Amino acid sequence: MIKLIGAAIIILATTWAGFEAAKHLALRPKQLRQIKLALQSLEAEIMYGQTPLQDAARKLSKLVPMPLSLFFESFSSLLSSGNTTVKQAWEESLERVWGLMALKQGEFEILVQFGETLGRHDRHHQQKQILLTLTHLEREEAEAIDRQLKYEKMMKSLGFLSGLLLTLLLL
Amino acid sequence: MGIDVDIIFKIAGVGIVVAFIHTILDQVGKKEYAQWVTLFGFIYILFMVASIIEDLFQKIKSVFLFQ
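What counts and what doesn't
Residues numbered from 1 in each chain as written. Chains lettered and ligands numbered in written order. Predicted model: local features only at pLDDT ≥ 70, side-chain atom pairs only at ≥ 80, totals over all residues. Helix = DSSP H or I, 4+ residues; strand = E, 2+ residues; numbered from the N terminus. Rg over C-alpha atoms; globule rule 2.2 N^0.38 Å. Buried ≥ 20, exposed ≤ 12 C-beta atoms within 10 Å, placed from the backbone. Contact = placed C-beta atoms within 7 Å. Nonpolar A, V, L, I, M, F, W, Y, C, P; charged D, E, K, R; others polar. Axes fitted to C-alpha atoms, helices over the stretch in contact; angles between N-to-C directions. Parallel < 35°, antiparallel > 145°, perpendicular 65-115°, else oblique. Left-handed = near helix turned anticlockwise from the far one by under 90°. Expected span 1.5 Å × (residues − 1).

Student: Would you take a moment to explain the overall build of chain A for this structure?
Tutor: Helix and strand counts for chain A come out as 6 helices and 0 strands. Mapped from its N terminus to its C terminus, chain A presents α and β elements in the order α-α-α-α-α-α. In terms of C-alpha radius of gyration, chain A reaches 21 Å, well past the compact-globule figure of 16 Å for 171 residues. Within chain A, the proportion of its 171 residues that are buried is 29%. When contacts within chain A are restricted to residue pairs at least 6 apart in sequence, long-range pairs at least 24 apart make up 68% of them.

Written as structure tokens, this is what we have:
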């Protein structure tokens, strides 16, 4: 009896781990889409609204969903505190929320590079930079979707099967 | 006799699960992992069978050498 309960717990745990890994894979394209959307809104704020960067960031933090909104919130508050450059504030808030995101090093570099250009040029130059970043992110998103399609199912079934194997080995 | 049937079922179960994992890993193109999984499953079963064979030899010894 106790053996059966143990086996059930092991299988449950590994299956859960598999689903968690699959969720992580599904989260990456979703968050990339959210970042793209946020950058497009930022472009609109800069081009048509001519909003100051910290106000634009605060607006964006209300617009975008959870982990990303934290990033814009921290960016905006760091800018309003006033004793950092835009680049430093961008990088620091990026590092702050990075643990919550399901993204990879490549996206981090892209966003850091974008942060370096932020607020240093005129509007049209800024728009070009945003478009460039969007293109980079699009490439990453395509790759992320590819990976999701390939590995999501594998992670789920592999979790369950490895649990089954483990219980069989321990039986 | 009961314990023998148990072990046969266990070997069959490990074989089936390893075969499943092998096919899944093969399908997504992780051939090298698939081969490692199969190899480890095989080695595990081999050890199990070896211990059973050893039991058999001990029994034969005890029957024919009258220890």
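Student: Which parts of the structure should I look at to understand the interface of chain B and chain A?
Tutor: Bring the parts together and some accessible area is lost; that lost area is often taken as the interface size. Taken together, the 10 residues of chain B in the interface contact 11 residues of chain A. A total of 8 residues in the side of chain B that touches chain A trace back to one element, the largest contributor, which is helix 1 (residues 2–27) of chain B. Residue composition of the side of chain B that touches chain A, by class: 8 nonpolar, 1 polar and 1 charged.

Student: Before we go on, may I ask you to explain the packing of helix 5 (residues 105–117) of chain A against helix 6 (residues 123–170) of chain A in this structure?
Tutor: Residues and elements named next belong to chain A. In the contact formed by helix 5 and helix 6, the axes pass within 10 Å of each other and the chain directions differ by 180°. Judged on the interaxial angle alone, helix 6 and helix 5 are roughly antiparallel. Residues Gly106, Glu107, Ile110, Phe114 and Thr117 of helix 5 lie in contact with helix 6, whose contacting residues are Gln129, Thr133, His136, Leu137 and Glu140. Of the residues assigned to the contact of helix 5 with helix 6, the class counts are 3 nonpolar, 5 polar and 2 charged.

Student: Explanation requested: the packing of helix 1 (residues 2–49) of chain A against helix 2 (residues 53–63) of chain A in the structure shown.
Tutor: Packed helix pairs are specified by the crossing angle of their axes together with the interaxial distance, meaning the distance between the axes. Residues and elements named next belong to chain A. Taken N-terminus to C-terminus, the directions of helix 1 and helix 2 make an angle of 145°; their axes are 10 Å apart at the nearest point. Viewed along their axes, helix 1 and helix 2 form a crossing whose handedness is right-handed. Of the residues in helix 2, those touching helix 1 at Ala38, Ser41, Leu42, Glu45 and Ile46 are Ala56, Lys59, Leu60 and Leu63. Here the contact of helix 1 with helix 2 is composed, by residue class, of 6 nonpolar, 1 polar and 2 charged.

Student: Sorry, what's going on with helix 3 (residues 66–81) of chain A here?
Tutor: In an α-helix, one full turn covers 3.6 residues, which means residues spaced three or four apart are oriented alike. Residues and elements named next belong to chain A. Over its 16 residues, helix 3 runs 23 Å from end to end, which matches the ideal 22 Å to within 8%, given 1.5 Å per residue. All of the buried residues along helix 3 are Leu68, Phe71, Phe72, Ser74, Phe75, Ser76, Leu78 and Leu79. Of the surrounding elements, those touching the buried residues of helix 3 are helix 1, helix 2 and helix 4 (86–97).

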